[in-house]
Amino acid sequence: MPKMTQYQAIGRRKTSTARVYLRPGDGSSFVVNERDAEDYFPVAWRRRTLDQPFDVTDTIGQFNVKVNASGGGLTGQAEAIRLGIARALVEYDEELRAPLRDAGYLTRDDRMVERKKYGQPGARKKSQYSKR
């Protein structure tokens, strides 16, 4: 393991981007956009999304996390943070790559909103068809 004081990575999902900084510590600090994670993500399942990479690698309580998230909505930001945490953990210890990859946390979810087409009200929606 390298002896750095900070590990950083970028995670993206839809239009959200998250810059994640992991510092070795007691795990008491999880800050998103200079707010506590419990305040920023009041819904419990979004907070569980953030902890998934730590659960898989048994590193709960070993890092203090600081995140700058921008763009998109809360779910997109939470999943971008999850990808950033997973990438930063790999930077911390390369042996964590296999369990994170098996759990699917190192794969960038490339699904994006489909663009609206001209002459139509939406991406797929068409004007009402009149048979007669």
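Read on for an overview of the structure. Computed from a predicted model, the values in this text were never measured in an experiment.

## Some points on the overall build of the chain
Move 1: When its secondary structure is counted, the chain shows four helices and five strands.
Move 2: Listing every helix and strand of the chain by position from the N terminus yields β-β-β-β-α-α-β-α-α.
Move 3: For the chain, the C-alpha radius of gyration of 18 Å lies well beyond 14 Å, the compact-globule estimate for 132 residues.
Move 4: By principal-axis analysis of the C-alpha atoms, the chain measures approximately 75 × 30 × 20 Å.
Move 5: For the chain, the residues scored as buried account for 34% of the 132 residues in total.
Move 6: Long-range pairs, those at least 24 residues apart, make up 69% of the contacts in the chain between residues at least 6 apart in sequence.

## Quick word on the environment of Ala-123
Move 1: Along the chain, Ala-123 turns up in the segment after α4 (97-103).
Move 2: Put simply, Ala-123 and Tyr-105 are 18 residues apart on the chain and 29 Å apart in space, counted from C-alpha to C-alpha.
Move 3: Discounting residues that sit within four places of it in the chain, Ala-123 has contacts with Glu-114, Arg-115, Lys-116 and Lys-117.

## Some remarks on the pattern of salt bridges
Move 1: For the coordinates displayed, the defined rule picks out six salt bridges.
Move 2: Among the salt bridges present, the one from Glu-94 reaches Arg-97, with a minimum N-O distance of 2.6 Å.
Move 3: A relative accessible area of 34% places Arg-97 in the partly exposed class.
Move 4: Between Glu-114 and Lys-117 there is a salt bridge, with its nearest N and O atoms 2.8 Å apart.
Move 5: Glu-114 gets classed as partly exposed once you look at its relative accessible area, which sits at 36%.
Move 6: Overlapping salt bridges, with partners in common, bring together Arg-13, Glu-79, Asp-109 and Arg-111 in one network.

## A short note on the packing of aromatic side chains
Move 1: This structure, assessed with the given rule, holds five aromatic pairs.
Move 2: Summarising the aromatic geometry, the rings of Tyr-40 and Phe-41 are spaced 5.0 Å apart at their centres and angled 85° between planes, so their arrangement reads as edge-to-face.
Move 3: Seen from their ring centres, Phe-63 and Tyr-92 are 4.9 Å apart, and the 85° between their planes marks the pair as edge-to-face. In this pair, Phe-63 is assigned in strand β5 (residues 63-70) and Tyr-92 in helix α3 (residues 74-92), connecting sequence segments 29 residues apart. The burial state of Phe-63 is the same as that of Tyr-92; both residues are buried.
Move 4: Members of the aromatic cluster, joined through ring pairs, are Tyr-7, Phe-54, Phe-63 and Tyr-92.

So, how was this worked out
Residues numbered from 1 in each chain as written. Predicted model: local features only at pLDDT ≥ 70, side-chain atom pairs only at ≥ 80, totals over all residues. Heavy atoms only, no water. Helix = DSSP H or I, 4+ residues; strand = E, 2+ residues; numbered from the N terminus. Rg over C-alpha atoms; globule rule 2.2 N^0.38 Å. Buried < 20%, exposed > 50% of the residue type's maximum accessible area, 1.4 Å probe, protein only. Contact = heavy atoms within 4.5 Å. Salt bridge = Lys/Arg side-chain N within 4 Å of Asp/Glu carboxyl O. Phe/Tyr/Trp six-rings, centres within 6.5 Å; stacked < 30°, edge-to-face > 60°.

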